[in-house]
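# Summary of structural features
Listed below are the residues making up each chain.
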Amino acid sequence: MKLQFFLNGTDVVWDVRPDEYLSNALRRHGIFSIRVGCDESICGSCTVLVDEKPVLSCSVLAITVNGKHVTTVEGIQEEVARLSHFFGEEGANQCSYCGSGMAIIIHALKKEYKNPTDEQIRDFMVGNICRCTGYHSQFKAIKAYLAEGK
Amino acid sequence: MKKFKVVNNKTHSVCGQAEMMGRAVYTQDYEVPGSLVLKMLRSPHAFARIKKIDTSKAEALNGVKCVLTYKNVPHVAFSRAGQGAPQPSPIDKFILDEYVRFIGDEVACVAAINEQIAEDALKLIEVEYEVLEPVLDYKTAYKSKNVIHPEEGISQAFEMGFRPKDNVAASYEMEVGDVEKELAKCDVVIEHAAETQAQAHAMLEPHTCNARLDEHNRLVIYSSTQTPFHVRRIMAQTLGMPLSQIRIVKPRVGGGFGGKQQFHGEMFVALVTLRTGLPSSMIYTREEVFASSYTRHPMYISMKIGADKDGTIRAIDCHALSDTGAYGEHALTVFMIVGSKVLPLYNKVKAVRFGGRVLYTNHVPAGAYRGYGAIQGNYVLESAIDMLAEKLHMDPVELRKKNSMKEKETSPIFEIMGEGTKGTAMIMESCKLPYCIDRGAELIGWKEKYPRKQVGPHKVRSVGCAIAMQGSGIPFSDMGSCAITLQDGGFYMVRCGATDIGQGSDTLISQIVAEELMTTVDKVIIYSSDTDLAPFDVGAYASSTTYISGNAAWKTAIKMRERLISEAATMLEVKEKDIIFDGKTFKAGNKEISLFDLSNKLIYSAPQHQVAVTESYIGHVSPPPFMAAYAEVEVDTETGEYEVLDYVSVVDCGTTINPMLAKGQVEGGITQGFGMASTEEVIYNSKGQLLTNSFLYYHVPTCKTIKHLTTEFADSYEPTGPFGAKSVGEIGIDTPPAVLCNAIYNAVGVRINSLPITPEKILKAMKEKEGK
């Protein structure tokens, strides 16, 4: 069936199956930042923004974003490049399979709060699993990123 | 500490940014569009024989290209362990077999033009099983009437106690001195036993691989593997193909932790692509990663430790049983590490004994997992040491300091026990364990906080500690190599076999080369782990990368520097010894040439040749990294719930080549080990079905699990390591079970002797204690 939506600001029309998940449709169209880690809406690696709200793309049907705005890491490249600098500073990227999903959630966090508390940062990050780092370095990187320019 | 410019300095991961920005870098991203999709029919029975299998309806389904069963694949036993040769694991697996040995074992593989058709085809396969009685408890598996591997054609590459008719995958015994005699002489003897569970690796990228035939009609497989060269060798042997016809490429890997040392879908995509000529792809579902790949070996370990009144430990007696599940991947080698990378911590004993069996059961197979036996052994030994301290009325920190390994010392165990075979004697050229113990105690505030403080009506704070060691590769076994070419434009192309699975080996090898060639990391272009293009390396396991692959890179870079000086001397018509090279310019008296000009002249004018060097490294010792760990916990005495307020690690891994990545290895290991210690409960039902087969039921740590991590490194220099480095990939995971167990005991007086340590177990033990 026809799906019309705005992918990173561009009006697109795709053919999707009625039972196709958004993660699959995006990857099928070369949006490789979608890393499917669990396919059961837990790990957070496939997080995208739908109308600016974080959503697990492995668990929503593609057709449900009809007419909506979907943002992936491909749409906020400059911002992610900057964020990754802080991850690099703290050694917070190891396998980075969680990295794109993490970038999206941090983008959403920044929109939600001007000066988030540690607890608010953790509340945002808690749904994004990282099996490599122990989170401490990521947490420090995120705090430094958010503090930049303040 | 020696002064370095690139190593031991902050360097960002060389791939971290591109990965985060969403580039196509992982195995799945390299799949040929339109590849056949592979799906596996898996056993619903813990143990059964396939009486009849009819795939005709599935094969007739439009879009199905190939169905594999045990009837149409080569019947050659192999080990999926992904180890060197001769393989130290039982050769006990067939690609597909008439028997299925755990719920989730492979029955038939379907390749179809899309996922839906493949799934539909699975439902059309008719299987008639003869259901057999499974063995679900490794403690009673020995000589059970139910034999898990009754089949012909399985073997061991050398004597490892493999007795399949008794359900024994491997066994091992060793003794130094006379343990019974020494224990009899001791003033104090404590006995302790505890059990560990089948932890899941839970790497975020599921196991995945894909295949295609290239322009030479060769088989090319992209795989999320830790061991590309071993995969090529074992695949060629098993499929009866020339090695030259296979290429294994490892792109960026989304975590491994040992779980991707073993084979996963490689044999299946290979067979499908060879048979159909079409590209194919196999991606495990998360449930398959949990229930149909590999786990940590569950173990039951008992210890007896004897000491004199003054706290001198005289003897350690350790006996272990290990559950390897349905197949014997890493059965022997993980088992031996329980002894060889744990017991030498207390090297002043007069006698030490270690032994036991690894048993087959009808559970998910166990395999390599970060820590590799050491975490199991450490949990039991380091709990027992605390028990001994209590009995001796000694501070557990003091008892450890008194008896543990120090610099220039050794342990007889090193010579006796290797990984599967005899070991290698070695002296600890670098061991800052005493410093680590002191510094950790200071950072956690041991003196003020031990053993406990009441901080609320039902809240108690306490501290716990443990020490650990690991290794740096397997001596005389693990080999790594590296090749460097000078490119026109004056930069270096580095090809190496070291396998980056997210731990950052590409970054630290770039740093090692840059340091030696006095340049910057951006002038070092690295390409790794492609069996066509990179020289051999065993792969990412046994904490071998920094030490073995790092030494190979260092040797190669030294050779390149010598070669450059020789080329410059010829070009400047001076003697080599007169040349001073600073990484950018070669100077001799008033003559000079830049590296940039030299590299261009070498290629485009005289003498027009490619400057290329290659070197290999094989370890002669395996210098252990050491650490001391402390945690402060707060326990709620009404509910048994607890919280970790801080986890302090002080680590001696020699020079940290990349301090931030080394810290990442330690902190990531701590958190993963803490998951095993606290929340990662593994539950099988009475039929042998793994119930904790999803992130929903299997709880890995989140960013809220540990409030704070404090990680420091000791000032240490390992003379045999690259720029003084030892490996650091596994050491972090070893301590959390013991540290948590000891801290909980110090808080509420109950010792939890099975993992994970849950609030439920704590509360139950507290109630039982009160009732007594």
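Each value, and the rule that gives it
Residues numbered from 1 in each chain as written. Chains lettered and ligands numbered in written order. Predicted model: local features only at pLDDT ≥ 70, side-chain atom pairs only at ≥ 80, totals over all residues. Heavy atoms only, no water. Buried < 20%, exposed > 50% of the residue type's maximum accessible area, 1.4 Å probe, protein only. Helix = DSSP H or I, 4+ residues; strand = E, 2+ residues; numbered from the N terminus. Pairing = 2+ DSSP bridges. Domains from an automatic or database assignment. Contact = heavy atoms within 4.5 Å. Buried area = accessible area lost by both parts, 1.4 Å probe. Salt bridge = Lys/Arg side-chain N within 4 Å of Asp/Glu carboxyl O. Polar contact = N/O pair within 3.5 Å; in protein donor to acceptor, adjacent residues only side chain to side chain. Nonpolar A, V, L, I, M, F, W, Y, C, P; charged D, E, K, R; others polar. Axes fitted to C-alpha atoms, helices over the stretch in contact; angles between N-to-C directions. Expected span 1.5 Å × (residues − 1). Phe/Tyr/Trp six-rings, centres within 6.5 Å; stacked < 30°, edge-to-face > 60°. Lys NZ or Arg CZ within 6 Å of the ring centre and 35° of its normal.

### Quick notes on helix α6 (residues 266-276) of chain B
Residues and elements named next belong to chain B. Among the 11 residues that make up α6, eight are buried, leaving the element largely enclosed by the rest of the structure. Every buried residue belonging to α6 is among Glu 266, Met 267, Phe 268, Val 269, Ala 270, Leu 271, Val 272 and Thr 273, and all of these are buried. Positive phi appears at Gly 277, one or two residues downstream of α6, with a value of about 75°.

### Quick notes on the sheet that holds strand β4 (residues 99-100) of chain B
Each strand in a sheet pairs with another by means of backbone hydrogen bonds, the pair being arranged parallel or else antiparallel. Residues and elements named next belong to chain B. Pairing is antiparallel in the open sheet, where three strands are placed in the order β4-β2-β6. Each edge of the sheet is formed by a strand with only one pairing partner; in this case those strands are β4 and β6 (126-131). Sheet topology places strand β2 (residues 48-54) next to β4; two bridges connect them, and they run antiparallel. Bridge assignment links Arg 49 to a residue of β4, and that residue is Tyr 99.

### Some thoughts on the environment of A:Gly67
All names here are of chain A. Turning to its location among the elements, Gly 67 is positioned in the loop between β4 (53-56) and β5 (69-71). Judged by its relative accessible area of 40%, Gly 67 falls in the partly exposed class. As a C-alpha pair, Gly 67 and Thr 133 span 66 residues in sequence and 38 Å in three-dimensional space.

### Quick word on the domain arrangement of chain A
Residue and element names in this part refer to chain A. Examined at the domain level, chain A breaks down into domain 1 (2-74) and domain 2 (76-147). Using only C-alpha atoms to locate each centre, domain 1 and domain 2 end up separated by 21 Å. Contact with domain 1, which involves 18 residues of that partner, is made by 17 residues of domain 2. For the pair domain 1 and domain 2, the two sides together bury roughly 1400 Å², of which 58% comes from carbon and sulfur. Interface area lost by domain 1 to domain 2 is led by Arg 35, Thr 47 and Val 73, which between them contribute 36%. At the boundary of domain 1 and domain 2, one finds one salt bridge. A salt bridge links Lys 111 to Glu 52; its shortest N-O distance comes to 3.2 Å.

### Observations concerning the side chain of B:Thr671
Relative to the helices and strands, B:Thr671 resides in helix α17 (residues 659-678). At 2.8 Å, the side chain of B:Thr671 forms a polar contact with the backbone oxygen of B:Glu667. The residues contacting B:Thr671, other than those within four sequence positions of it, are A:Gly134, B:Pro701, B:Ile706 and B:Leu709.

### Examining the side chain of B:Ser280
Residue and element names in this part refer to chain B. Position of Ser 280 relative to the elements: it lies in strand β12 (residues 280-283). Engagement of the side chain of Ser 280 in a polar contact is seen with the side chain of Thr 273, the distance being 2.9 Å. Ignoring sequence-local partners within four residues, the contact set of Ser 280 consists of Ser 35, Leu 36, Leu 38, Asn 210, Ala 211, Val 269, Val 272 and Thr 273.

### Section: the domain arrangement of chain B
All names here are of chain B. Each assigned domain of chain B is listed here: domain 1 (16-22 + 479-618), domain 2 (31-132 + 204-255 + 260-292) and domain 3 (299-473 + 621-771). Each of domain 1 and domain 2 has a C-alpha centre, and these two points are 38 Å apart. Across the boundary between the two partners, domain 1 contributes 22 residues, which contact 20 residues of domain 2. Interface area, domain 1 with domain 2, both sides summed: about 1600 Å², of which 49% is carbon and sulfur. Close ionic contact of Arg 252 with Asp 506 constitutes a salt bridge, the shortest N to O distance being 3.3 Å. Per-class residue counts for the side of domain 1 that touches domain 2 are nine nonpolar, seven polar and six charged.

### Here's the deal with the sheet that holds strand β23 (residues 591-594) of chain B
Residues and elements named next belong to chain B. Taken together, three strands build an open sheet; the order of strands is β21-β22-β23 and the sheet is antiparallel. The sheet is open, and its two edges are formed by β21 (580-581) and β23, each paired on a single side. Pairing of β21 with strand β22 (residues 585-588) involves two bridges; the strand directions are antiparallel. Of the residues in β22, the one forming a bridge with Ile 580 is Lys 587. On the sheet, helix α16 (residues 595-604) packs against β22 and β23 and is oriented at approximately 75° with respect to β23.

### Digging into unusual backbone geometry
Residues and elements named next belong to chain B. Along the chain, Ala 85 connects to Pro 86 via a cis peptide bond; the corresponding omega equals -5°. Inspection of the secondary structure assignment puts Pro 86 in the loop between β3 (64-68) and β4. Across the junction of Tyr 450 and Pro 451, the peptide omega takes the value -5°, indicating a cis bond. Positive phi, close to 60°, is recorded for Ala 542, a residue that is not glycine. Tracing the sequence through the fold places Ala 542 in the loop between β20 (524-528) and α15 (545-572). A residue is classified by how much of its surface remains accessible, and Ala 542, at 17% relative accessible area, is buried.

### Some words on the environment of B:Met493
Residues and elements named next belong to chain B. If you trace the backbone, Met 493 turns up in strand β19 (residues 491-496). The class for Met 493 is partly exposed, based on a relative accessible area of 24%. Excluding its chain neighbours within four sequence positions, the residues that come into contact with Met 493 are Ala 483, Ile 484, Thr 485, Gln 487 and Ile 525.

### Here's the deal with α15(B)
For α15(B), with 28 residues, the first-to-last C-alpha span of 39 Å sits near the 40 Å given by 1.5 Å per residue. At the exit of α15(B) stands B:Glu573, carrying a positive phi of roughly 55°.

### Here's the deal with the interface of chain A and chain B
The partner chain B presents 57 residues to the 50 residues of chain A that form the contact. The largest per-residue losses of area from chain A upon contact with chain B belong to A:Gln94, A:Tyr97 and A:Arg131, which jointly make up 19% of the total buried on that side. Between A:Arg27 and B:Asp29 there is a salt bridge, with the nearest N and O atoms lying 2.6 Å from each other. Here chain A and chain B share 33 residue pairs in polar contact (both at pLDDT 80 or more) between them. Elements with a minimum of two residues in the side of chain A that touches chain B: α2 (77-90), α3 (99-112), α4 (118-125) and α5 (136-147) of chain A. Per element, the largest residue contribution to the side of chain A that touches chain B is 10 residues, and it comes from α2(A).

### Focus: the packing of aromatic side chains
In this structure the tally under the stated criterion is 19 aromatic pairs over all chains. Considering the side-chain rings of A:Phe5 and A:Trp14, the 5.1 Å spacing of their centres and the 85° angle between planes classify their relative orientation as edge-to-face. Of the residues examined, A:Trp14 reaches a relative accessible area of 9% and is grouped as buried. Both rings, one in B:Tyr30 and one in B:Tyr222, keep their centres 5.0 Å apart while their planes meet at 20°; by these two values the pair is stacked. Of this pair, B:Tyr30 sits in the loop between α1 (16-20) and β1 (36-42) while B:Tyr222 is found in strand β10 (residues 219-223), placing the two residues 192 residues apart along the sequence. Note on B:Tyr30: relative accessible area 34%, which makes it partly exposed. Site record: aromatic cluster; members linked through ring pairs are B:Phe4, B:Trp554 and B:Phe723. In this structure, A:Arg122 packs its charged tip against the face of A:Phe139, placed 4.2 Å from the ring centre. The positively charged end of B:Lys93 is found above the aromatic ring belonging to B:Tyr327, 5.1 Å away from the centroid.

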